[in-house]
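Structural overview
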Amino acid sequence: MTFLGILLLPAGSIPGEEIREEQIKAAFLYNFAKFIEWPTDSFKSESSPLGLYILGTDHWGPYIDVLKEKNVKGRKIVLRRISRPENLEECHILFISASERNNLRSHLALLKNHNILTVSDMERFAHQGGMIGLINIEGKINFEVNIETVYSSRLKFSAQLLKVARIIRNG
Amino acid sequence: MSFFQQPQSIRSKLILLTLGISLSALIFTCISYIIYDRITFKQKMVRDLETLSDIIGGNCEAALAFYDPDSAAKTLETLRAEKHILAAAVFNNTNQRFAVYRQKTERQNPLPSTPSKSGYVFQDRALVLFRPIYLENEKLGTIYLHSDLTELDARLTRFLLIVALLISVASLGAYFLASRLQKMVSAPILHLSEVAREISEKQDFSIRAESRGGDETGFLIERFNDMVGQIEERDKALRMTQNELELKYFQLEVQLSERTKAEEALKQARDELESRVVERTADLAKANADLTNEVAEREKTALELERAKEAAEAANQAKSEFLANMSHELRTPLNHIIGFNELVLDKNYGDLNPTQEEFLNDVLQSSRHLLALINDILDLSKVEAGKMELEVSPLYLRSLLESSLIMVKEKAHKHQIKLLTFLEGLPEMIRADERKLKQILYNLLSNALKFTPDGGTVRLECKTIADCGEKPQTWLEEIESRGSNDEIRVTSDEIRDIRNSPSAIRISVSDTGIGLEEKDLERIFEPFEQADNSASRKFQGTGLGLSLSKQMVELHGGRIWAESKGQGQGSVFHFILPVDRN
């Protein structure tokens, strides 16, 4: 909890201690899980874990690993790193690293019917059909949501989340 | 307000009572309700504010989760619809202010820089609430709401207005109802009061009050009517009595005037009487003074007499003493005379011729008589000088009597006089002076023999005349009756002496001698007295024996007297001796 508290700190809140951008992004991933509902058939059982897969080169450092100890809606978070978009039956959140920028179109096409929340911090990710794109505006982390992609899936984004997000439509 | 003054009529009392009770109940109810409502409304306010904070806080979850204060501020802006929320704030989980809201008009209310503990506080003019914002059991931050209490105050004002209205309406209604309903109670009482006043004013006790019901008031009216009825009857009776009394009063007045006149007359009479009493009193005082003087003189005389008597007694005693001494001095030479005379008469010193013998016999006889005379004088003088004393001792009465007879036996025999004795039922022992008793008996017996002619009879009788313990009355009556016959006077003192004795004996010596005349019955007990002076020559004797006997009997506390039926009829000498048997 204390770590999460620190994790959730806005940048510059504690003087003299730099909050890493990765920390904030990890907190965002964790919070997305809280504001989004997956269809029930995407879990094997009530207590099945929530799968958080990282596709491509991992440059999170140690900051993503803290999520392994967390629970979301009574489910444990299982963190996996994969190099190809395969065996995604138990994946619920797929973070696509910037290294996969060139394969993005094929990845998204593959994931289309999988009810997996796609998140990336690459530029214009939401614009290209990703669900949530993390962006940095003047040092402040924010996120974009491609509402059309979201609607085409069976995931349910809470209204609050959408209110906070920047909404992107396919253009 | 006339409400709080003592109301005069029962009507206004009843109305006031009804109004007082109903308004008190109403006011109490209203106040209770207002207090209750205020408490519940405050709770409702808190609940509402909590709900509002939950809604706003919930809407700020994402903003907090994704560090979006602008979104939170927008959410807080929705509070503008809630006029009573003056200020609001959202704090993040590091207790830093994340977003704030202020109603534009409100500037005075400073926002807290850090959140307090979760909960609500009613401040002076505000309700302040802190409530944590949770997302899936993780505290994201705190929401702060500041609500004013205008609604609470407005509600109170509204309530007060309603209550005032209610009370006004209720007062009017209650007054209206009470004015109607009080008649049920007050009308009979007012009627009763009116009737009572009428009766009192007109003094007409025939008026009656109407009774209209079976309740207590109806009962009261019935009782009142009964009482008025009783008063009416008493009034009638009273009037009758008054008339009678007036008549009597008039009569009394007449009587009084008469009596006054009588009293005046009486007073006059009394005044006269008083003046007469005064005169008499003066006379009496004078007589009294005279009497006092006389008494004083008499007393003086009595004193002189007493002195004279004392002097006489002293002289008498001196005489007795002289006689006693003289007798003693006389006896000694006389004894010589008798002694020598007897020696001569015994013819031991030579024969005597008849003439000598006759003369010497005369001398002896005269000498013996002289000796007896002297002895008697001696005894008598002893008695008179108060020197004779009783030597009381126990003695056998019978033997004493018998020995007395022996002393005179020879003389009786010589004159052929019969000696008879009646000595029945005598006490065996008595206490008395033996010598003196013997002397008395001897005197009486020798007297009897002396005055009895030859061939006569002398009788000695002795009996217990009364046992005082058994029948003193008879004995006393015997004496008293005799006293009344003037045969003998027995004084009350003498009777008392006898009566005080336990018992007494009576000794009587009777003879058939010359007897005594009635006038001599007492005189013979005086010294040197005989019934007939001439007798002394014939019968010899000193003339002192009876006198001595009397003295000695009286010394014993007894009594001696003589009885005779006249000359030649014989005489009886009695004496009574109180004897002490013990």
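Concerning the overall build of chain A
Scanning chain A from terminus to terminus reveals five helices and 10 strands. Out of the 171 residues belonging to chain A, those deemed buried represent 38%. Within chain A, counting contacts between residues at least 6 apart in sequence, those at least 24 apart form 59% of the total.

Details of the overall build of chain B
The helix and strand tally for chain B stands at 13 helices and 12 strands. Within chain B, buried positions represent 22% of all 582 residues. When contacts within chain B are restricted to residue pairs at least 6 apart in sequence, those whose partners lie at least 24 apart make up 67%.

Thoughts on the packing of helix α7 (residues 397-415) of chain B against helix α8 (residues 434-451) of chain B
Residues and elements named next belong to chain B. Across the interface, α7 lies against α8 with an axial gap of 9 Å and an inter-helix angle of 25°. One element, α7, and the other, α8, form an angle in the roughly parallel class. Relative to α8, α7 is oriented so that their crossing is right-handed. Only E434, L437, K438, L441, Y442, L445, S446 and L449 of α8 make contact with α7, whose side of the interface consists of L400, S404, M407, V408, K411, A412 and H415. Per-class residue counts for the contact of α7 with α8 are nine nonpolar, three polar and three charged.

Here we look at the environment of A:R80
All names here are of chain A. Along the chain, R80 falls in strand β4 (residues 75-82). Judged by the 14 C-beta atoms lying within 10 Å of it, R80 is partly exposed. Each C-alpha atom of the pair R80 and L55 lies 8.6 Å from the other, and the pair is 25 residues apart in sequence. Residues within four places of R80 in sequence aside, it is in contact with G51 and Y53.

Regarding the nonpolar core
Grouped together as the largest cluster of nonpolar side chains are 72 residues, with contacts concentrated most on A:L29, A:L94, A:V119, A:V145 and B:V90. Ignoring sequence-local partners within four residues, the contact set of A:V145 consists of A:A126, A:M131, A:I132, A:V150, A:F157, A:L162, A:A165, A:I167 and A:I168. Formed by 40 residues, the second largest nonpolar core is a distinct cluster that contains B:I374, B:A432, B:L460 and B:F575.

Describing the sheet that holds strand β4 (residues 126-135) of chain B
Residue and element names in this part refer to chain B. The strand order across the open sheet built from five strands is β2-β1-β5-β4-β3, with neighbouring strands paired in antiparallel fashion. Only two strands of the sheet have a single partner each, and these edge strands are β2 (97-102) and β3 (119-122). Each adjacent strand pair in this sheet contributes to an overall mean axis angle of 10°, direction not counted. Looking at chain direction, β4 and strand β5 (residues 138-148) are connected through 10 bridges and run antiparallel. Residue pairing for β5: A126 is matched across the bridge by D148. Strand contacts of helix α1 (residues 10-59): β3, β4 and β5, with the helix running at about 40° to β4, the strand carrying the most contacts. Relative to β2, helix α3 (residues 69-77) is tilted by about 30°, and along the sheet it contacts β1 (85-92) and β2.

Some words on the pairing of strand β11 (residues 559-564) of chain B
Residues and elements named next belong to chain B. For β11, a buried count of five out of six residues is recorded, marking the element as mostly surrounded by other parts of the structure. For β11 and strand β12 (residues 571-579), the ladder comprises six bridges, and the chain directions are antiparallel. Bridge assignment links E563 to a residue of β12, and that residue is V572. A loop of six residues connects β11 with β12, the two strands running antiparallel in sequence, and G566 in this loop sits at a positive phi of about 130°.

Describing helix α4 (residues 150-202) of chain B
Side chains of residues three or four places apart in an α-helix project in the same direction, reflecting 3.6 residues per turn. Residues and elements named next belong to chain B. By the largest-angle criterion, M184 marks the main kink of α4, which is about 50°, and a proline, P188, follows within four residues. Of the residues making up α4, those classed as buried are A174, A178 and P188. For α4, the elements touching its buried residues are α1 and α5 (216-345). Note on α4: the residue one or two positions beyond its end, Q203, has a positive phi of about 55°.

Quick word on the sheet that holds strand β8 (residues 140-146) of chain A
Residue and element names in this part refer to chain A. One open sheet holds the eight strands; their spatial order is β3-β4-β2-β5-β6-β7-β8-β10, and the pairing between them is mixed. The outermost strands of the open sheet, each flanked by one partner alone, are β3 (71-72) and β10 (166-168). Strands in contact with helix α2 (residues 21-35) are β2 (50-55), β3, β5 (93-96), β6 (117-120), β7 (132-137) and β8; relative to β8, the strand with the most contacts, it is inclined by about 40°.

So, the confidence of the model for chain B
Residue and element names in this part refer to chain B. Per-chain confidence: chain B averages 83 in pLDDT, with 88% of residues scoring 70 or above. Low pLDDT (under 50) marks residues 467-492, which in the prediction has 26 contacts with non-local residues, meaning those over four places away or in another chain. Across the interfaces of the predicted complex, the ipTM metric reaches 0.83, alongside a pTM of 0.47.

Here we look at α8(B)
Counted at 1.5 Å a residue, the expected span for α8(B) with its 18 residues is 26 Å, and the 26 Å between its end C-alpha atoms agrees. Taken residue by residue, α8(B) has B:K436, B:L437, B:I440, B:L441, B:N443, B:L444, B:L445, B:N447, B:A448, B:L449 and B:F451 as its buried positions.

Describing unusual backbone geometry
Residues other than glycine seldom take positive phi values, yet A:R124 does so here, at roughly 55°. Following the sequence through the fold, A:R124 ends up in the loop between β6 and β7. Judged by the 14 C-beta atoms lying within 10 Å of it, A:R124 falls in the partly exposed class. One non-glycine residue, B:N137, adopts positive backbone phi at about 70°. With respect to the helices and strands, B:N137 occurs in the loop between β4 and β5.

Brief notes about the confidence of the model for chain A
Taken over all residues, the pLDDT of chain A has a mean of 85, while the share at 70 or more is 89%. The low-confidence segment residues 1-16 of chain A (pLDDT under 50) makes 19 contacts with residues lying over four places distant or belonging to another chain.

Looking at the environment of B:I406
All names here are of chain B. Position of I406 relative to the elements: it lies in helix α7. The exposure class assigned to I406 is exposed, which follows from the 9 C-beta atoms found within 10 Å. Placed 36 residues apart in sequence, I406 and Y442 show a C-alpha to C-alpha distance of 10.0 Å.

Examining the packing of α8(B) against helix α13 (residues 545-555) of chain B
Helix-helix packing is characterised by the crossing angle of the two axes and by the distance between the axes. Residue and element names in this part refer to chain B. Two elements in contact, α8 and α13, have axes separated by 9 Å at closest approach and are oriented at 145°. In this structure, the crossing between α8 and α13 has a hand that is left-handed. In contact with K436, Q439, I440, N443, L444 and N447 of α8, α13 contributes G545, L546, L548, S549, M552 and V553. Looking at the contact of α8 with α13 residue by residue, the classes come out as six nonpolar, five polar and one charged.

Quick word on the environment of B:L420
All names here are of chain B. Tracing the chain through its elements places L420 in strand β7 (residues 418-423). Along the backbone, L420 and E461 are 41 residues apart, and their C-alpha atoms lie at a distance of 8.1 Å. Setting aside chain neighbours within four positions, we find L420 in contact with T457 and R459.

Some words on the pairing of β1(B)
Residues and elements named next belong to chain B. The buried fraction of β1 is high, at eight of eight residues. Sheet topology note: the β1/β5 ladder contains seven bridges and is antiparallel. Residue pairing across strands places A87 opposite H146, the latter belonging to β5. The pairing of β1 with β2 spans five bridges and is antiparallel. Within β2, the position partnered with A89 by the bridge is V100. Hairpin remark: β1 followed by β2, antiparallel, with four residues in the connecting loop; positive phi at N95, about 60°.

Criteria and cut-off values
- Residues numbered from 1 in each chain as written.
- Chains lettered and ligands numbered in written order.
- Predicted model: local features only at pLDDT ≥ 70, side-chain atom pairs only at ≥ 80, totals over all residues.
- Helix = DSSP H or I, 4+ residues; strand = E, 2+ residues; numbered from the N terminus.
- Buried ≥ 20, exposed ≤ 12 C-beta atoms within 10 Å, placed from the backbone.
- Contact = placed C-beta atoms within 7 Å.
- Axes fitted to C-alpha atoms, helices over the stretch in contact; angles between N-to-C directions.
- Parallel < 35°, antiparallel > 145°, perpendicular 65-115°, else oblique.
- Left-handed = near helix turned anticlockwise from the far one by under 90°.
- Nonpolar A, V, L, I, M, F, W, Y, C, P; charged D, E, K, R; others polar.
- Core = buried A, V, L, I, M, F, W, Y, C linked by C-beta atoms within 7 Å.
- Pairing = 2+ DSSP bridges.
- Bend = angle between axes of the 7 residues up to and from the residue.
- pLDDT = per-residue confidence, 0-100.
- Expected span 1.5 Å × (residues − 1).

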